[in-house]
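One-letter residues, chain by chain:
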Amino acid sequence: MRSGEELDGFEGEASSTSMISGASSPYQPTTEPVSQRRGLGGLRCHPDYLRRAPGRLKLAQVVLALIAFICIETIMECSPCEGLYFFEFVSCSAFVITGVLLLMFSLNLHTRIPQINWNITDLVNTGLSTFFFFIASIVLAALNHKAGAEIAAVVFGFLATAAYAANTFLAVQKWRMNIRQQSTNEYIRARTESREVDSRPEIQRLDT
């Protein structure tokens with residue numbers, strides 16, 4: 001029979017061996033969040049955005065731009081065709097860009113790219129779409145207003161212009177609010193730093 005000291009020695013060697021094997025094992029427990037390991041598994045819808053006015057307006061813009069594009073695509077003959085081609089380009093571009101932004105905001109994908117100022121991006125898109133949709137609708141109404149599809153495209157073009165204009169107004173209001181909030185935060189931070197300097201006499205002595 002082995003003595004107690006020998007048994008203790010074997011137990012120590014076994015525990016150290018298990019620690020070494022555990023450290024060298026590739027199957028280590030991890031504390032990494034599950035959402036990070038899933039990649040796109042953390043993708044989730046943001047229904048609150050679709051319930052608010054900007055989300056509803058953006059959804060309306062996508063639908064109106066698509067209908068206007070479909071109406072202009074059903075026209076087989078045109079004379080002249082410049083206004084029709086211009087309206088086709090504007091409606092298609094607005095549909096694609098606004099659709100991408102709608103997906104980015106409704107699925108919270110914009111939070112994964114913080115390097116981009118999404119408020120300014122949305123403001124630029126809505127402003128340019130308002131301008132170009134308005135011009136394209138006027139040109140199409142002046143040059144091509146004979147066929148029913150042309151008239152329908154003009155009507156949906158002006159409706160899309162109204163939707164983009166309303167969204168532009170909301171985007172400008174949000175941009176101004178963010179500017180005011182940043183100014184207020186900078187003012188509060190400056191006041192806090194000045195009070196900290198006033199409350200520390202050793203800093204004042206160094207300054208003098």
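The rules behind these values
Residues numbered from 1 in each chain as written. Predicted model: local features only at pLDDT ≥ 70, side-chain atom pairs only at ≥ 80, totals over all residues. Heavy atoms only, no water. UniProt positions renumbered as here; feature names shortened; annotations may be inferred. Helix = DSSP H or I, 4+ residues; strand = E, 2+ residues; numbered from the N terminus. Phe/Tyr/Trp six-rings, centres within 6.5 Å; stacked < 30°, edge-to-face > 60°. Buried < 20%, exposed > 50% of the residue type's maximum accessible area, 1.4 Å probe, protein only. Contact = heavy atoms within 4.5 Å.

1. Things to note about the UniProt feature "transmembrane region" (unreviewed entry) in the protein chain
Argument step 1. Within the UniProt annotation, "transmembrane region" (unreviewed entry) is assigned to residues 59–77, 83–105, 126–145 and 151–172.
Argument step 2. Helix makes up 79% of residues 59–77 and strand 0%. Its end C-alpha atoms lie 31 Å apart.
Argument step 3. In the segment residues 83–105, helix accounts for 100% and strand for 0%; the C-alpha atoms at its two ends are 33 Å apart.

2. Some words on the packing of aromatic side chains
What characterises a pair of aromatic rings is the spacing of the ring centres plus the angle enclosed by the ring planes.
Argument step 1. Applying the stated rule across the entire model yields six aromatic pairs.
Argument step 2. Taken together, a centroid distance of 6.2 Å and an interplanar angle of 80 degrees make the contact between Phe105 and Trp118 edge-to-face. Here Phe105 is found in helix H5 (residues 82–106), whereas its partner Trp118 is found in helix H6 (residues 118–143), with 13 residues between them in sequence. Just as Phe105 is buried, Trp118 falls in that class too.
Argument step 3. Their ring planes at 75 degrees and their centres at 5.2 Å tell us that Phe131 and Phe132 sit as a pair that is edge-to-face.
Argument step 4. Its relative accessible area of 36% is what places Phe132 among the partly exposed residues.
Argument step 5. Members of the aromatic cluster, each reached through a chain of ring pairs, are Tyr49, Phe105 and Trp118.

3. Focus on the side chain of Asn108
Argument step 1. With respect to the helices, strands and loops of the structure, Asn108 is situated in the loop between H5 and H6.
Argument step 2. Not counting the four nearest positions on each side in its chain, Asn108 is found in contact with Arg44 and His46.

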